[in-house]
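Chain residues, written in single-letter form:
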Amino acid sequence: ELLKEIRMIRGSFGSIIGPMEGWLMLRGVRTLEPRLERHQETALAVAHYLEKNDRVSVVHYAGLESHPQYELMKSQQTGNCGLMSFEIDTQNDEDVYNFVRNLNVFQIGVSWGGFESLVCTPFMNGTLENAQKQGAKSRMLVRIHCGLEGADNLIEDLDNAFRHM
């Protein structure tokens, strides 16, 4: 009976991870706290930079005091992650494409939570109506994950991309 239950649970939740994968997971958990602290520290600096940038119409990052749900976030969380989005103040798709193409540190991707900085443009191929249904004001939304490359390097990369937009 116990074996039947174990098999049912294993079938429901997936197979058993291998020893190498288990070791890698444990190794990653040991440094999770300092990595998340660094992601948060870097993301907050990047969010402040974006908030002051004339080419950005809005920054979506709960760690900013200007965010509409900042107080709620403070009451429910002990910190933030490196993930945020912002909307470029343009009506021209090419501006956003050029912005992303001119990033060097940020790489195109959506695997949030790793050590590398990533960027994507989730609404560029869709409609304004779809973007608005999901909370964006425009299709010109850029989503980034701030990795461990350092705030100065990421801000310099973003600044360079804005200059070449």
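Residues numbered from 1 in each chain as written. Predicted model: local features only at pLDDT ≥ 70, side-chain atom pairs only at ≥ 80, totals over all residues. Heavy atoms only, no water.

What follows deals with the pairing of strand 2 (residues 83-88). Buried residues dominate strand 2, accounting for five of its six residues. For strand 1 (residues 56-60) and strand 2, the ladder comprises four bridges, and the chain directions are antiparallel. Across the sheet, residue Val-59 finds its bridge partner in strand 2, namely Phe-86. Here five bridges tie strand 2 to strand 5 (residues 141-145), and the two strands are oriented antiparallel to one another. Considered in strand 5, the bridge of Glu-87 is made with Leu-141. (Buried < 20%, exposed > 50% of the residue type's maximum accessible area, 1.4 Å probe, protein only. Helix = DSSP H or I, 4+ residues; strand = E, 2+ residues; numbered from the N terminus. Pairing = 2+ DSSP bridges.)

The predicted model of the protein chain has a mean per-residue pLDDT of 90, with 99% of residues at 70 or higher. Within the protein chain, helix 7 (residues 151-163) carries the highest mean pLDDT (97), whereas helix 6 (residues 128-133) carries the lowest (80). (pLDDT = per-residue confidence, 0-100.)

We now examine the packing of aromatic side chains. Going through the model one piece at a time under the given rule, you end up with three aromatic pairs. Summarising the aromatic geometry, the rings of Phe-86 and Phe-162 are spaced 6.3 Å apart at their centres and angled 50° between planes, so their arrangement reads as tilted. Separated by 76 residues along the polypeptide, Phe-86 in strand 2 and Phe-162 in helix 7 bring together distant segments of the chain. Neither residue differs from the other here; Phe-86 and Phe-162 are each classed as buried. Here the aromatic rings of Phe-99 and Phe-162 are separated by 4.6 Å at their centres, their planes lie at 45°, and the arrangement is tilted. On the criterion of sequence distance, the pair formed by Phe-99 in helix 5 (residues 93-101) and Phe-162 in helix 7 is long-range, its members being 63 residues apart. Judged by its relative accessible area of 0%, Phe-99 is buried. Of the residues examined, Phe-162 reaches a relative accessible area of 5% and is grouped as buried. Following the ring pairs from residue to residue traces out a cluster consisting of Phe-86, Phe-99 and Phe-162. (Phe/Tyr/Trp six-rings, centres within 6.5 Å; stacked < 30°, edge-to-face > 60°.)

This paragraph deals with a nonpolar patch on the surface. A surface patch of nonpolar side chains, about 310 Å² in accessible area, is lined by Leu-2, Leu-3 and Ile-6. Under the relative-accessibility criterion, Leu-2 is labelled exposed at 61%. (Patch = residues over 30% accessible without salt bridge, like charges linked within 9 Å, V, L, I, M, F, W, Y side chains within 5 Å. Areas by Shrake-Rupley, 256 points an atom, 1.4 Å probe, with all protein chains shown as cover. Salt bridge = Lys/Arg side-chain N within 4 Å of Asp/Glu carboxyl O.)

Helix 7 packs onto helix 3 (residues 32-52) with a crossing angle of 30° between their chain directions and a minimal axis gap of 9 Å. If you check the angle between helix 3 and helix 7, you find them roughly parallel. As for how helix 3 packs across helix 7, the hand of that crossing is right-handed. On the side of helix 3, the interface is formed by Thr-42, Ala-45, Val-46, Tyr-49 and Leu-50, while helix 7 contributes Ala-151, Leu-154, Ile-155, Leu-158, Asp-159 and Phe-162. For the contact of helix 3 with helix 7, the per-class residue count stands at nine nonpolar, one polar and one charged. (Axes fitted to C-alpha atoms, helices over the stretch in contact; angles between N-to-C directions. Parallel < 35°, antiparallel > 145°, perpendicular 65-115°, else oblique. Left-handed = near helix turned anticlockwise from the far one by under 90°. Contact = heavy atoms within 4.5 Å. Nonpolar A, V, L, I, M, F, W, Y, C, P; charged D, E, K, R; others polar.)

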